[in-house]
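A structural walkthrough
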Amino acid sequence: MSVRTRPSTRMWIPRDNPAVYKALVALQRVSSAGVDAEIGELISMRVSQLNGCAYCLHMHAGDALAAQIDPHKLLMLPAWPEAGAVFDARERAVLALAEQLTLLGDREVTDGVFDDVRAHFDAVETGQLVAAIAMINTWNRIAIAGGYPAGLDERRASVTAG
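What counts as what
Residues numbered from 1 in each chain as written. Predicted model: local features only at pLDDT ≥ 70, side-chain atom pairs only at ≥ 80, totals over all residues. Heavy atoms only, no water. Phe/Tyr/Trp six-rings, centres within 6.5 Å; stacked < 30°, edge-to-face > 60°. Helix = DSSP H or I, 4+ residues; strand = E, 2+ residues; numbered from the N terminus. Buried < 20%, exposed > 50% of the residue type's maximum accessible area, 1.4 Å probe, protein only. Salt bridge = Lys/Arg side-chain N within 4 Å of Asp/Glu carboxyl O. Core = buried A, V, L, I, M, F, W, Y, C linked by side-chain atoms within 4.5 Å. Contact = heavy atoms within 4.5 Å. Expected span 1.5 Å × (residues − 1). Arc of directions from axis to C-beta.

**Digging into the packing of aromatic side chains**
Counted by the stated rule, this structure contains three aromatic pairs. Centroid distance Trp 12 to Tyr 148: 4.8 Å. Interplanar angle 45°. Geometry classified as tilted. With a gap of 136 residues between them, Trp 12 in the segment before helix 1 (13–16) and Tyr 148 in the segment after helix 8 (123–146) connect regions that are remote in the sequence. Residues Trp 12 and Tyr 148 agree in their burial class; the two are buried. An aromatic cluster of at least three residues, connected via ring pairs, comprises Trp 12, Tyr 55 and Tyr 148.

Below you can see the structure in the form of structure tokens.
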């Protein structure tokens, strides 16, 4: 999708604050480095579901399908705890961590969830997963605050004055 003018949003961070956008993109690259692509998309989709971010859900659903992630797995994502063998132990550990980090509120990340992640990932990988979860939460908040519409993808948009 090529956008020649500013999209109809409350805020369009690539244009309205390019320094912040550039820093966020750099942080995105670093936070996702080394994270398995399928796990990364499952994180992005589940966190975006929890946050109600249609913009990010649309973007990451397209990315997941392009990466040939099993569509049944994507459809079962909202009910992953009850999905049995659809998700392996590594994916289940990461999804539990993603949910607890996203829904912090008055809660915490439990030792059990963290221990499950550490059973499958080393310290560096765990840090990458936490950073990836934090990043999609950040993007969700920017997109929701800005009123980004589903279907728009700033990664492919060419935004000029308008």
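**A word on unusual backbone geometry**
The residue Gln 68 is not glycine, and still its phi comes out positive at about 60°. Relative to the elements of secondary structure, Gln 68 occurs in the loop between helix 4 (54–66) and helix 5 (71–76). In this structure Gln 68 comes out as exposed when scored by relative accessible area, which is 71%.

**Quick word on the pattern of salt bridges**
Applying the stated criterion across every chain, the model contains four salt bridges. Across the pair Glu 38 and Lys 73 runs a salt bridge, and its minimum N-O distance is 3.0 Å. With Glu 38 in helix 3 (residues 37–51) and Lys 73 in helix 5, the pair connects residues that are 35 residues apart, well separated along the chain. Residue class for Lys 73 comes out buried when judged on its relative accessible area of 11%. Close ionic contact of Arg 46 with Glu 99 constitutes a salt bridge, the shortest N to O distance being 2.7 Å. Taken together, the residues Arg 46 in helix 3 and Glu 99 in helix 6 (residues 89–102) connect sequence positions 53 residues apart. Ionic contacts of the salt-bridge type, sharing partners, join the residues Glu 38, Lys 73 and Glu 91 into one network.

**Digging into the nonpolar core**
Ranked by internal contacts, the top residues of the largest apolar core, which has 39 residues, are Ile 43, Tyr 55, Leu 129 and Trp 139. Where this core is concerned, the elements lending two or more residues are helix 2 (18–32), helix 3, helix 4, helix 6, helix 7 (111–120) and helix 8. Here this core takes seven residues from helix 8, the largest share from any one element. Contact partners of Ile 43, with chain neighbours within four places excluded, come to Val 94, Leu 129, Ala 132, Ile 133 and Ile 136.

**Looking at the environment of Gly 40**
Assignment of secondary structure puts Gly 40 in helix 3. Look at Gly 40 and you get buried, because its relative accessible area is 19%. Residues Gly 40 and Val 94 lie 54 residues apart in sequence; the distance between their C-alpha atoms is 9.5 Å.

**Some words on helix 4**
The end-to-end C-alpha distance of helix 4, which contains 13 residues, comes to 18 Å, matching closely the 18 Å that a straight helix rising 1.5 Å per residue would cover. Those residues of helix 4 that fall on the buried side of the exposure criterion are Tyr 55, Cys 56, Met 59, His 60, Asp 63 and Ala 64. End-on view of helix 4: buried residues confined to an arc of 150°, all on one side of the axis. The elements touched by buried residues of helix 4 are helix 3, helix 5 and helix 8. Following helix 4 by one or two positions, Gln 68 adopts a phi angle in the positive range, close to 60°.

So far we have only geometry, and geometry alone does not tell us how the molecule works.
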